[in-house]
Amino acid sequence: MLAALENQIRVRPISSELPTLGNCDGSARVKQGNSSVMVGVWGPVEVKQSKEDPEKCVIETTVKSAVGHGSPLDKMYEEAIRQTCEQMVIVTAHPRTCIQVIVHIESEDGSILSVMKNALCLALMDSGVPMKGMFAGVSCVQQENGELMWDPTAEEEEESTAKFTFVYESSAKSAIFTHCTGESSIEQFMLALQKSRQVALEVFGFYRESFEKLLRKDVRFQMLLPPVIKGEILEDPEP
């Protein structure tokens, strides 16, 4: 999948599992290297009158790390998740309702914000809420020698001089979210932004493969497929 970029951009193995929870409307787990995130989506559901918006649905997000939740970093993650949801979910489709998103960081070894965004996209797709399209998160760091490295581990992030996380949408392939820390030149930032788009394109392909595998396990979907797609060999009709 993402191995096609190995000659130019190093990325760790990525895998998905969906659905992962039985008590919600959509869920997904994404593992990227040793980082693992599970996301559950509930809604649209009724919301208290004091919180409802007559023009759109409200997005509520909660991020739980392996050691609990409520830290300033968790709050930053929650705001980042909420921003992406409001950008990519068609919130005007269900006014006066709420979509609840819970993100559970199961293990963390770098690039965790982009892993969260990718698990979020799959969970939203699994839930069936109306969306404007897919989105993909990509993490990148600037090393001490000035070179860029993609999908860094926690150790590589610690040794870097700057960290970037970009989120791209699938239609125009443009960036809809950027988070940067550290010091970097504008030229390096633009190079990271441009090359990270290549990784995002591969992530979009990974999403499609994930759902193709899911659908092929669905008996209802199998009944709609012609035999040749199911893997059976069709004999030529007799003349």
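Up top you'll find the structure we're talking about.
Some points on the overall build of the chain
Stage number 1. Looking only at helices and strands, the chain has five helices and nine strands in total.
Stage number 2. Ordered by position from the N terminus, the helices and strands of the chain form the series β-β-β-β-α-β-α-β-β-α-β-β-α-α.
Stage number 3. Restricting to contacts in the chain with at least 6 residues of sequence separation, those with at least 24 account for 66%.

With respect to unusual backbone geometry
Stage number 1. Of the consecutive residues leucine 18 and proline 19, the connecting peptide bond is found in the cis state with omega at -15°.
Stage number 2. Along the chain, proline 19 falls in the loop between β1 (14-17) and β2 (26-32).
Stage number 3. Positive phi outside glycine occurs at aspartate 151, with the angle close to 50°.
Stage number 4. Within the element layout of this structure, aspartate 151 appears in the loop between β7 (148-150) and α3 (154-158).
Stage number 5. We classify aspartate 151 as buried; its relative accessible area is 4%.
Stage number 6. One non-glycine residue, lysine 173, adopts positive backbone phi at about 60°.

Observations concerning the pattern of salt bridges
Stage number 1. Inspection of the entire model under this criterion finds 10 salt bridges.
Stage number 2. A salt bridge links arginine 29 to glutamate 17; the shortest N-O distance between them is 2.8 Å. Remark: glutamate 17 occurs in strand β1 and arginine 29 occurs in strand β2; sequence separation between them is 12 residues.
Stage number 3. Relative accessible area serves as the criterion here: at 40%, glutamate 17 is assigned to the partly exposed category.
Stage number 4. Across the pair arginine 82 and glutamate 79 runs a salt bridge whose closest N-O atoms are separated by 2.3 Å. One end of the pair, arginine 82, and the other, glutamate 79, are both in helix α1 (residues 72-88), three residues apart, so they sit about a helical turn from each other.
Stage number 5. Several salt bridges share partner residues, and in doing so they unite Arg12, Asp109 and Asp151 into one network.

A look at the environment of leucine 73
Stage number 1. You can see leucine 73 is positioned in helix α1.
Stage number 2. What makes leucine 73 partly exposed here is its relative accessible area of 43%.
Stage number 3. Considering only alpha carbons, one finds leucine 73 and valine 63, 10 residues apart in sequence, at a separation of 9.5 Å.

Considering α1
Stage number 1. Counted at 1.5 Å a residue, the expected span for α1 with its 17 residues is 24 Å, and the 25 Å between its end C-alpha atoms agrees.
Stage number 2. Those residues of α1 that sit buried are Asp74, Tyr77, Glu78, Ala80, Ile81, Thr84, Cys85 and Met88. Seen from one end, α1 has its buried residues packed into an arc of 165°, which puts them on one side.
Stage number 3. Looking at the packing, one finds that the buried side of α1 touches β4 (58-64), β5 (97-107), α2 (112-127), β6 (135-142), β8 (162-169) and β9 (175-182).

Thresholds, definitions, all that
Residues numbered from 1 in each chain as written. Predicted model: local features only at pLDDT ≥ 70, side-chain atom pairs only at ≥ 80, totals over all residues. Heavy atoms only, no water. Helix = DSSP H or I, 4+ residues; strand = E, 2+ residues; numbered from the N terminus. Contact = heavy atoms within 4.5 Å. Buried < 20%, exposed > 50% of the residue type's maximum accessible area, 1.4 Å probe, protein only. Salt bridge = Lys/Arg side-chain N within 4 Å of Asp/Glu carboxyl O. Expected span 1.5 Å × (residues − 1). Arc of directions from axis to C-beta.

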